[in-house]
Amino acid sequence: DAGVTQSPTHLIKTRGQQVTLRCSPKSGHDTVSWYQQALGQGPQFIFQYYEEEERQRGNFPDRFSGHQFPNYSSELNVNALLLGDSALYLCASSLVLAGGETQYFGPGTRLLVL
Amino acid sequence: AQSVTQLGSHVSVSEGALVLLRCNYSSSVPPYLFWYVQYPNQGLQLLLKYTSAATLVKGINGFEAEFKKSETSFHLTKPSAHMSDAAEYFCAVSAPGGGSQGNLIFGKGTKLSVKP
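Residues numbered from 1 in each chain as written. Chains lettered and ligands numbered in written order. Predicted model: local features only at pLDDT ≥ 70, side-chain atom pairs only at ≥ 80, totals over all residues. Heavy atoms only, no water.

(A) Just the interface of chain B and chain A, in detail. At the junction of the two partners, chain B supplies 21 residues and chain A supplies 22 residues. Counting across the chain B and chain A interface gives zero salt bridges. Connecting chain B to chain A are five residue pairs in polar contact (both at pLDDT 80 or more). Residue assignment for the side of chain B that touches chain A shows that the elements contributing at least two residues are strand S4 (33-38), strand S5 (44-50) and strand S10 (104-106) of chain B. Of the residues belonging to the side of chain B that touches chain A, the class tally is eight nonpolar, eleven polar and two charged. (Contact = heavy atoms within 4.5 Å. Salt bridge = Lys/Arg side-chain N within 4 Å of Asp/Glu carboxyl O. Polar contact = N/O pair within 3.5 Å; in protein donor to acceptor, adjacent residues only side chain to side chain. Helix = DSSP H or I, 4+ residues; strand = E, 2+ residues; numbered from the N terminus. Nonpolar A, V, L, I, M, F, W, Y, C, P; charged D, E, K, R; others polar.)

Right, dumping it as structure tokens:
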């Protein structure tokens with residue numbers, strides 16, 4: 001049973017660039033959430049996708065956008081990168097019909113903005 | 001707004017000693033509560049969860065947590081620490097408004113060190 005997978009594992013970008021991170025949910029899951037974890041902090045919720053639509057959003061600017069595909073995989077896009085966007089980006093998946101409260105996390109993508 | 005406070009950013013115990021990691025939450029509605037563990041350079045692994053059933057919840061790797069509504073606490077314990085328990089531990093609460101599918105609000109984490 002495949003767990004949550006994310007790509008790439010590491011990424012280095014410069015300020016002002018754009019980045020796309022990818023996530024494949026756990027087999028059978030239909031909901032994907034994205035979190036940002038700055039160094040030494042707990043993860044912070046960015047947004048959640050269900051049925052290819054953004055269902056909830058945290059306190060992140062519009063530079064952060066996402067997409068969910070028909071196969072439930074998801075992308076996180078960040079435009080006009082800032083130094084402060086350097087963080088570990090975590091994807092989590094869950095299943096609505098199972099209650100949806102339990103989220104399973106992937107290994108993350110570590111983004112460094114120079 | 002919901003929030004989570006983890007007391008102690010760093011806890012150190014000897015191998016075989018009791019592990020106690022503290023978590024207090026604030027919530028205006030009955031919460032769902034979670035403990036996750038994060039090993040270096042890895043994602044988060046679910047240890048256990050409370051979803052309004054039994055107040056004493058048993059998880060993986062010998063960990064358990066007790067939901068105490070009167071104290072708004074959800075402390076994580078393990079009777080005997082192993083070297084392999086060294087990691088960072090996060091307490092999380094599900095956010096209001098999202099029902100059972102709400103997003104998670106995390107504490108800042110507690111780094112557990114285990115001395116031989």
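(B) Representation of the state of the cysteines in the model. Scanning the entire structure with this criterion turns up two disulfides over all chains. Across the disulfide from Cys23 of chain A sits Cys91 of chain A; the S-S distance is 1.8 Å. As the torsion about the S-S bond is roughly -55°, the Cys23 of chain A-Cys91 of chain A disulfide counts as left-handed. Of this pair, Cys23 of chain A sits in strand S3 (residues 19-24) while Cys91 of chain A sits in strand S9 (residues 87-94), placing them 68 residues apart in sequence. On the basis of relative accessible area, Cys23 of chain A is assigned to the buried category, the value being 3%. Disulfide pairing places Cys23 of chain B opposite Cys91 of chain B at an S-S distance of 2.0 Å. Judged by the sign of its S-S torsion, about -60°, the cystine formed by Cys23 of chain B and Cys91 of chain B is left-handed. With Cys23 of chain B in strand S3 (residues 19-26) and Cys91 of chain B in strand S9 (residues 87-94), this residue pair connects regions lying 68 residues apart in the sequence. Its relative accessible area of 0% is what places Cys23 of chain B among the buried residues. (Disulfide = S-S within 2.5 Å. Buried < 20%, exposed > 50% of the residue type's maximum accessible area, 1.4 Å probe, protein only.)

(C) Highlighting the layout of surface pockets. Empty space within the largest pocket amounts to approximately 380 Å³. Along the wall of the largest pocket there are 20 residues; nearest its centre are Gln37 of chain A together with Gln38, Pro40, Asn41 and Glu88 of chain B. Taken together, the elements giving at least two residues each to the lining of the largest pocket come down to S9 and strand S11 (110-115) of chain B. Taken together, the residues of the lining of the largest pocket break down into nine nonpolar, seven polar and four charged. Here the second largest pocket defines a volume of roughly 280 Å³. (1 Å grid on protein atoms, 1.4 Å probe; cavity = no way out; pocket = protein on both sides within 12 Å on 5 of 7 lines; lining within 4 Å. Points joined across faces, edges and corners; volume = space filled by probe spheres on them.)

(D) How the structure looks around the pattern of salt bridges. Residues and elements named next belong to chain B. Within this structure, the stated rule accounts for five salt bridges over all chains. Ionic pairing is found between Glu64 and Lys58, a salt bridge with its closest N-O pair at 2.7 Å. On the basis of relative accessible area, Lys58 is assigned to the exposed category, the value being 62%. Lys78 is paired through a salt bridge with Asp85; the nearest N and O atoms lie 2.9 Å apart. The exposure classification of Lys78 matches that of Asp85, with both residues buried.

(E) Broad picture of the nonpolar core. Grouped together as the largest cluster of nonpolar side chains are 26 residues, with contacts concentrated most on Trp35, Leu48, Leu76 and Tyr89 of chain B. Of all elements in the fold, only strand S2 (10-14), S3, S4, S5, strand S7 (64-68), strand S8 (73-78), S9 and S11 of chain B reach the threshold of two or more residues within this core. When sequence neighbours within four positions are dropped, the list of residues in contact with Leu76 of chain B reads Val19, Leu20, Leu21, Trp35, Leu47, Leu48, Phe63, Glu64, Ala65 and Tyr89 of chain B. Among the nonpolar cores identified, the runner-up in size contains 20 residues, and Val4, Leu81, Cys91 and Leu111 of chain A belong to it. (Core = buried A, V, L, I, M, F, W, Y, C linked by side-chain atoms within 4.5 Å.)

None of the figures reported here should be taken as evidence of function without further support.
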